[in-house]
Structure formats: structure tokens, C-alpha cells
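# An overview of the molecular structure
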Amino acid sequence: MSDEAIRQVLGLLYQEDTLRVLAALVLEGEPERDSGLEREALRRALDRLERGGLAVRDEDGRWKVRRERFRELLHATARPAAPVSQQEKVLQSFLVEGRLRAIPSKRDKQLVVLDYVVQVFEPGVRYSEKDVNVALRAFHDDYAALRRYLVDEGMLSRENNVYWRSGGSVEP
């Protein structure tokens, strides 16, 4: 399906006479009565709608709207969705505007979320517990649970209330 076919249909929908006739067909009315057009203007509008694939005659010779034309145009212009990794799917389901809606209970999903969270900490940098709490509060109100999960999973290490990143993925 070409861009020309799409422009043709949009052009038909833009024209007052074809839009009136199409509306009458969609509402299963009588185009002769409901469109308010003179006989010749109605004939021309129906011809244009037929050429654009929006109207057809049924076996009894009555005009009807061809709704599937819109589906054809949609399919012709639809782009395939960009492939999304399993990790991105998990993040999309648990993050809203950068904050966690909930901390996942399933370990595999939890690891994905924790790996995302631990990225705020620079490898090799030491953080006070207060700094860790401030950073984690940006993700979830239960920052203590996040901190505990990060330590338990070996993504953060702790000694004398000083934390440092000790795990998680690292971007090259």
C-alpha cells in the first residue's frame, strides 16, 4: 500500500461531500436522504468513495461502507514494535517515571530491578549510609528494604556504615 492510497483516503475524508455520504453509510442511513446532496453530487461522491476503497455496492445494489479499508491502511503503515529485552519488560512493568511502583517479590525480577537501581552508585566510590538512603529514596519510599536487598545480593558492600558498589552490571 502506497502513501498515495493513504493520501487519497485522507483527502476523501477531508472533502465535505464525501464525508457526508460516508457518514450516512456508516450510520446505515440512506445517502440520498441523509447526505443532503443533490443527485449528481451524491453520485460523484459515491464514485470517489468507491475508487478510494471506502464504499462498495452489495449484491442488492445498495451502497455500504467498506470498514476494512481502514484496517488495510493501518496494517500498511504499522511499523513493527522494536524488540524489547526481558530486562526492559520487567523495568517497564515496575518503573513509573523512574520510580518503583513496587519491589518485585520474584527473585529474577528483583535482580533486574536491583541491577537498575545499583547503577546510581559509581564503582570505587565510598558512600555514607545517609547518601545511600538519599539515592535509594529516589526509587522507592522503602529505601531500607532496597538497601538490604542490594547488600544481600552482593551489589553493595557495607563496612562500618560505609557502602560501596560491589556488583551489578557495568556499562563498557
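This text goes with the structure placed above it.
Residues numbered from 1 in each chain as written. Predicted model: local features only at pLDDT ≥ 70, side-chain atom pairs only at ≥ 80, totals over all residues. Heavy atoms only, no water.

### Re the sheet that holds strand β5 (residues 126-128)
So the rule is basically this: What makes two strands pair is DSSP finding at least two bridges between them. Strands are runs of DSSP state E lasting at least 2 residues, helices are runs of H or I lasting at least 4, and numbering of each runs from the N terminus. A fitted line through C-alpha atoms represents every axis, and for helices the fit uses only the stretch in contact; the resulting angles, taken between N-to-C directions, go from 0 to 180 degrees. Note on contacts: a residue pair is in contact if any heavy atoms of the two residues lie within 4.5 Å.
Taken in spatial order, the three strands of this open sheet run β5-β7-β6, and their pairing is antiparallel. Taken across any chain shown, the strands that pair with only one partner, and hence form the sheet edges, are β5 and β6 (156-159). Direction aside, neighbouring strands of the sheet carry axes that sit 35° apart on average. Along the sheet, helix α8 (residues 129-137) contacts β5, β6 and β7 (162-165); its crossing angle with β5, the most-contacted strand, is approximately 85°.

### Some words on the pairing of β6
By the bridge criterion, four bridges tie β6 to β7 in an arrangement that is antiparallel. Bridged to Arg158 within β7 is Tyr163. Linking two consecutive strands that pair antiparallel, namely β6 and β7, is a turn of two residues; a positive phi of about 55° is found at Asn160 within it.

### Examining the layout of surface pockets
Quick note on the threshold: Grid spacing is 1 Å over the protein atoms alone, the probe is 1.4 Å, and a cavity is where that probe fits but cannot get out, while a pocket is an open set with protein on both sides within 12 Å along at least five of seven lines and lining residues have an atom within 4 Å of a point. Grid points are joined across faces, edges and corners, and a volume is the space filled by probe spheres set on the points. Polar here means any residue other than Ala, Val, Leu, Ile, Met, Phe, Trp, Tyr, Cys and Pro, which are nonpolar, and Asp, Glu, Lys and Arg, which are charged; Gly is therefore polar.
Empty space within the largest pocket amounts to approximately 260 Å³. What lines the largest pocket is a set of 14 residues, and nearest its centre among them are Leu25, Gly29, Arg62, Trp63 and Lys64. For the lining of the largest pocket, the elements supplying multiple residues, two or more each, are α3 (31-34) and β2 (63-65). For the lining of the largest pocket, a count of residues per class yields four nonpolar, two polar and eight charged. Reported here for the second largest pocket is a volume of approximately 160 Å³.

### Considering the packing of α8 against helix α9 (residues 143-152)
To be explicit about the condition: Oblique is the label for any angle not covered by the other classes, which are roughly parallel (under 35 degrees), roughly antiparallel (over 145) and roughly perpendicular (65 to 115).
In the contact formed by α8 and α9, the axes pass within 9 Å of each other and the chain directions differ by 110°. Looking at the two axes, α8 sits roughly perpendicular to α9. Contact residues: Glu129, Val132, Asn133, Leu136 and Arg137 in α8; Tyr143, Leu146, Arg147 and Leu150 in α9. Counted by class, the contact of α8 with α9 contains five nonpolar, one polar and three charged residues.

### What about the packing of aromatic side chains?
Here is the rule we go by: Aromatic contacts are taken between Phe, Tyr and Trp rings whose centres are within 6.5 Å, Trp giving its six-membered ring; a plane angle under 30 degrees counts as stacked, one over 60 as edge-to-face, and the others as tilted. Type-normalised accessible area, obtained with a 1.4 Å probe on protein chains alone, sets the label of each residue: buried when under 20%, exposed when over 50%, and partly exposed for intermediate values. Two conditions define a charge sitting above a ring: the NZ of Lys or the CZ of Arg must be within 6 Å of the ring centre, and it must be within 35 degrees of the ring normal.
The final tally for this structure, using the stated rule, is two aromatic pairs. Taking 5.1 Å as the distance between ring centres and 75° as the angle between the ring planes, the aromatic pair formed by Phe121 and Tyr127 counts as edge-to-face. With relative accessibility at 1%, the residue Phe121 sits in the buried group. One cation-aromatic arrangement involves Arg126 over Trp164; the distance from NZ or CZ to the ring centre is 4.1 Å.

### Focus: helix α7 (residues 107-118)
The condition is simple: The span expected for a helix works out to 1.5 Å for each residue beyond the first.
Between its first and last C-alpha atoms α7 spans 16 Å; for twelve residues at 1.5 Å apiece the expected length is 16 Å, and the two agree. For α7, every residue scored as buried is listed here: Gln110, Val112, Val113, Leu114, Val117 and Val118. In this fold, the buried residues of α7 make contact with α6 (86-94), β4 (99-100), α8, α9, β6 and β7.

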